[in-house]
Amino acid sequence: MKYVIALCGFWFFFGNAIIAQHGSSQRIPLIGSNAPTFKAPSTNGPLSFPDDFGTSWKIIFAHPRDFTPVCSSEVLDLGYRQQEFKELNTQLIVLSVDRLVSHQSWKSDLEDIDFKGRGKVKIEFPLVVDSSYSISYKYGMVDTYANAGQSVRGVFFIDPENRIRAFQFYPSEVGRNTDEILRTLKALQAVDRHDHVVTPVNWKPGDDFMTPSLTAEDKEELKKPDSEIYYINWYMIYKKYQ
C-alpha cells in the first residue's frame with residue numbers, strides 16, 4: 001500500500017514538474033501547419049505518427065485521464081461509430097497521459113460495457129501513451145490549470161498530407177459531440193473535392209456550398225437560366241451541391 005501511494009505521489013510530482021517546465025511556452029500548432037510527429041506505445045503496439053497511417057485522414061482525441069466518466073462515454077461512442085470514420089478514410093487516435101497498463105485495463109473494461117443498449121463493442125483504434133507529456137506539449141494540450149498533470153480534451157483533424165486542418169478544445173466537464181466531429185470531417189473533405197467553395201453555417205452533406213468570390217467560370221455559369229450559382233446578396237453567394 002505504501003508503495004502504491006509513493007508511486008502515485010511520484011507521478012503527481014513528475015507530471016506537475018513537466019507542466020511547470022513547459023506550460024508557459026507550449027504552443028498549439030496552427031491550422032495549415034504540419035502536424036507534429038511522434039512515436040509512442042499504444043494498446044495496438046508501438047506507433048509512429050504519421051508514418052503508420054499512410055494516406056488516411058487522422059483525428060487525434062486527447063483525454064485528461066483513463067477511467068473518467070466523460071472520457072469513457074466518448075471512447076465508447078467512438079467505438080460504436082468507428083466504421084463510419086473508416087468509410088471516410090479516417091483513422092482515430094486516442095491519447096492520454098496515463099501509462100500503458102492503465103490504457104489496457106481501461107480498454108478491457110470499456111469493451112465489457114453495454115452502453116445505452118447498443119451491445120458490447122471492440123475498440124479497434126489505439127489508445128496512445130503520453131506519460132512523458134511530450135505529445136501533449138507538442139500539440140499545446142498540457143492543462144496548466146489542473147491540480148494533477150493531464151491533457152486537455154482536444155481534437156485535431158489532420159489530412160492525408162499531415163496538415164492540421166481544424167482543432168477543437170473542450171473543458172473537462174463537457175463531452176464532445178461525435179456527430180459534430182463527423183460533420184466537421186465531412187465538410188473538410190467536401191471542400192477538398194470541390195473547387196473554390198466554403199461551407200455555410202450548419203452545413204451537412206447534400207447542402208449547398210457558398211463561394212467566397214466569383215471566378216471567371218462562375219460568371220459564365222451565372223448567365224445560364226439553370227445556373228448552379230445563386231445570390232442572397234453580393235457577399236453571400238451560393239453554389240448548388242453536386
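Basis of the calculations
Residues numbered from 1 in each chain as written. Predicted model: local features only at pLDDT ≥ 70, side-chain atom pairs only at ≥ 80, totals over all residues. Heavy atoms only, no water. Helix = DSSP H or I, 4+ residues; strand = E, 2+ residues; numbered from the N terminus. Buried < 20%, exposed > 50% of the residue type's maximum accessible area, 1.4 Å probe, protein only. Contact = heavy atoms within 4.5 Å. Areas by Shrake-Rupley, 256 points an atom, 1.4 Å probe, with all protein chains shown as cover. pLDDT = per-residue confidence, 0-100. Pairing = 2+ DSSP bridges. Axes fitted to C-alpha atoms, helices over the stretch in contact; angles between N-to-C directions. Salt bridge = Lys/Arg side-chain N within 4 Å of Asp/Glu carboxyl O. Arc of directions from axis to C-beta.

Looking now at the overall build of the protein chain. In terms of regular secondary structure, the protein chain is built from 7 helices and 10 strands. Residues counted as buried form 47% of the 242 residues belonging to the protein chain. In the protein chain, the proportion of contacts linking residues at least 24 apart, taken out of those at least 6 apart, comes to 66%. Summing over all exposed atoms, the protein chain offers an accessible surface of approximately 13000 Å²; the carbon and sulfur share of this is 55%.

So, on to the environment of Ser131. Secondary-structure assignment places Ser131 in the loop between strand 5 (127-129) and helix 5 (134-138). A relative accessible area of 15% places Ser131 in the buried class. Taking the C-alpha atoms as reference points, Ser131 and Pro41, 90 residues apart in sequence, are found 10.0 Å from one another.

What follows deals with the confidence of the model for the protein chain. Any segment with low pLDDT has predicted coordinates that should not be analysed in fine detail. Mean pLDDT over the protein chain: 89, with 88% of residues reaching 70 or higher. Scored below 50 in pLDDT, residues 1-20 shows 19 contacts in the model against residues more than four places distant or in partner chains.

Whenever strands of a sheet pair, they do so through backbone hydrogen bonds, lying parallel or antiparallel. Here we have 5 strands laid out as an open sheet, ordered 5-4-3-6-7, and mixed in their pairing. Edge positions in the sheet fall to strand 5 and strand 7 (164-170), since each has one partner strand and no second. Sheet twist, expressed as the mean angle between neighbouring strand axes with direction ignored, is 20°. Pairing of strand 4 (residues 90-96) with strand 5, which is carried by 3 bridges, proceeds in the parallel orientation. Bridging across to strand 5, Val94 finds its partner in Leu127.

What follows covers the pattern of salt bridges. Per the stated rule, a full pass over the model turns up 17 salt bridges. Residue Glu74 is joined to Arg176 by a salt bridge in which the shortest nitrogen-to-oxygen separation is 2.9 Å. Placement of the pair is Glu74 in helix 2 (residues 69-80) and Arg176 in the loop between strand 7 and helix 6 (178-193), with a sequence separation of 102 residues. Take Glu74: its relative accessible area is 7%, and that puts it in the buried class. Here Arg176 falls in the buried class, since its relative accessible area comes to 10%. Across the salt bridge formed by Arg165 and Asp192, the nearest N and O atoms sit 2.9 Å from each other. Separated by 27 residues along the polypeptide, Arg165 in strand 7 and Asp192 in helix 6 bring together distant segments of the chain.

Okay, the environment of Gln104 next. Structurally, the position occupied by Gln104 is in helix 4 (residues 100-110). Sequence separation between Gln104 and Asp66 is 38 residues; the distance between their C-alpha atoms is 9.9 Å.

With antiparallel pairing, the 3 strands of this open sheet are ordered in space as 8-10-9. Strands with a single pairing partner mark the edges of an open sheet, and in this sheet they are strand 8 (209-211) and strand 9 (229-233). Each adjacent strand pair in this sheet contributes to an overall mean axis angle of 40°, direction not counted. Summarising the sheet, strand 9 and strand 10 (residues 236-239) pair through 4 bridges and their orientation is antiparallel.

Let's shift gears to helix 4. Three or more residues of helix 4 are buried, namely Ser102, His103, Trp106, Lys107 and Leu110. Considered in projection along helix 4, the buried side chains sweep an arc of 130° and stay on one side of the axis. Looking at the buried residues of helix 4, the elements they touch are helix 2, strand 4 and strand 5.

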